[in-house]
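Read off the chains here:
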Amino acid sequence: MQNEMINKALVLVIAFLITGSICKSQDLLTISEGVVNSCDGTFLDDGGILDGYSDVSYDSYSICPDNPGDGVTVTFSGFVLSTGVAQNQSDWDVLIIHDGDENAPVIATGYGNDFSAQQFFSTFENASGCLTFEFIHFPNNDIGGGWQASVECFTPCAEPTSASQIVDPVPNAPNSVVVCLGEEVTFSDNGSFPVDGFTL
């Protein structure tokens, strides 16, 4: 009986250690000022999805891939931002996502529950592979809600470039002609080619 209890205790300890090591392998990314490199994590607002925001007015946070050349994907499982008293969104809490650093193009702007069950990823044109999140919380808004998202990385690919073109009649715009019904159009096709580093 005593050996059986010891064996059960050992199984519980081993299970706890395995669970602890699995949990530790995933990063917990809480929005703050700065940059983090992570390809396996959970992205949260200031206070976590259950605790609400701390009373911070602005954060800019970049999530970048571990490996150069890769990109980042962020998938929101929960997203609820505080809304202001006004009907327009000028004083609502907002999360802005950039395709790169905070000077890069904006991918999306989220208010309320806009990003619930939404996925965003860095584009092929984004050499850094990073996504930057600008969070603006207005002090007069309720401190509540929040978001939770999973973070993963991917190796990007690009569509190949077609090398075909119109030969006759001579195009009057890039690869574009106006013809009448029954008129012949001659194409040349020199195949397609991939972006550097990729194969077809």
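All of these numbers come straight from a predicted model, not from anything done at the bench. (Residues numbered from 1 in each chain as written. Predicted model: local features only at pLDDT ≥ 70, side-chain atom pairs only at ≥ 80, totals over all residues. Heavy atoms only, no water.)

**Observations regarding unusual backbone geometry**
Then, number 1: Along the chain, Asp168 connects to Pro169 via a cis peptide bond; the corresponding omega equals 0°.
Then, number 2: With respect to the helices and strands, Pro169 occurs in the loop between strand 12 (165–168) and strand 13 (186–188). (Helix = DSSP H or I, 4+ residues; strand = E, 2+ residues; numbered from the N terminus.)

**Remarks on the confidence of the model for the protein**
Then, number 1: Per-residue confidence for the protein gives a mean pLDDT of 76; residues scoring 70 or more make up 70%.
Then, number 2: Across residues 1–25, where pLDDT falls below 50, the model places 1 contact with residues more than four positions away in sequence or in other chains. (pLDDT = per-residue confidence, 0-100. Contact = heavy atoms within 4.5 Å.)

**Some points on the environment of Phe154**
Then, number 1: Its location among the elements puts Phe154 in strand 10 (residues 146–154).
Then, number 2: In this structure, the C-alpha to C-alpha distance between Phe154 and Thr73, residues 81 residues apart in sequence, is 7.3 Å.
Then, number 3: When neighbours within four sequence positions are excluded, Phe154 is seen to be in contact with Asp70, Gly71, Val72, Thr73, Phe121 and Ser122.

**A word on the nonpolar core**
Then, number 1: Formed by 20 residues in total, the largest nonpolar core has its most connected members in Phe43, Val74, Phe76, Leu95 and Phe133.
Then, number 2: Only strand 4 (58–64), strand 5 (71–80), strand 6 (94–98), strand 9 (131–136) and strand 10 provide two or more residues apiece to this core.
Then, number 3: No other element matches the 4 residues that strand 5 contributes to this core. (Core = buried A, V, L, I, M, F, W, Y, C linked by side-chain atoms within 4.5 Å. Buried < 20%, exposed > 50% of the residue type's maximum accessible area, 1.4 Å probe, protein only.)

**Things to note about the sheet that holds strand 2 (residues 34–37)**
Then, number 1: Taken together, the 5 strands give an open sheet; going across it, the order is 2-4-9-6-7, and neighbouring strands pair in mixed fashion. In this open sheet, the two strands that pair with only one neighbour each are strand 2 and strand 7 (106–110). When strand polarity is set aside, the average angle formed by the axes of neighbouring strands in this sheet is 20°.
Then, number 2: Bridging between strand 6 and strand 9 involves 5 bridges; their strand directions are antiparallel. Its bridge partner lying in strand 9, Val94 is registered against Ile136. (Pairing = 2+ DSSP bridges. Axes fitted to C-alpha atoms, helices over the stretch in contact; angles between N-to-C directions.)

**Here's the deal with the state of the cysteines**
Then, number 1: Going through the model one piece at a time under the given rule, you end up with 2 disulfides.
Then, number 2: With its sulfur 2.0 Å from that of its partner, Cys39 forms a disulfide with Cys153. Across the disulfide from Cys39 to Cys153, rotation about the S-S bond amounts to roughly -85°, and the bridge is consequently left-handed. Within this pair, whereas Cys39 is found in the loop between strand 2 and strand 3 (40–44), its partner Cys153 is found in strand 10, the two being separated by 114 residues in sequence.
Then, number 3: We classify Cys153 as partly exposed; its relative accessible area is 23%. (Disulfide = S-S within 2.5 Å.)

**Focus: the packing of aromatic side chains**
Two aromatic rings are characterised by how far apart their centres lie and by the angle between their planes.
Then, number 1: Across all of its chains, the model carries 12 aromatic pairs by this definition.
Then, number 2: Between Phe76 and Phe115, the ring centres sit 5.5 Å apart and the planes meet at 40°, which makes this aromatic pair tilted. On the criterion of sequence distance, the pair formed by Phe76 in strand 5 and Phe115 in the loop between strand 7 and strand 8 (119–121) is long-range, its members being 39 residues apart. As far as the burial class goes, Phe76 and Phe115 line up, both buried.
Then, number 3: Here the aromatic cluster, defined as three or more aromatic residues joined through ring pairs, consists of Phe43, Tyr61, Phe76, Phe79, Phe115, Phe120, Phe133, Phe135 and Trp147. (Phe/Tyr/Trp six-rings, centres within 6.5 Å; stacked < 30°, edge-to-face > 60°.)

**Considerations on the pairing of strand 3**
Then, number 1: For strand 3, the tally of buried residues reaches 4 of 5 residues, placing the bulk of the element in the interior.
Then, number 2: Sheet topology places strand 3 next to strand 10; 5 bridges connect them, and they run antiparallel. In the sheet register, Leu44 faces strand 10, and the bridge partner there is Gln148.

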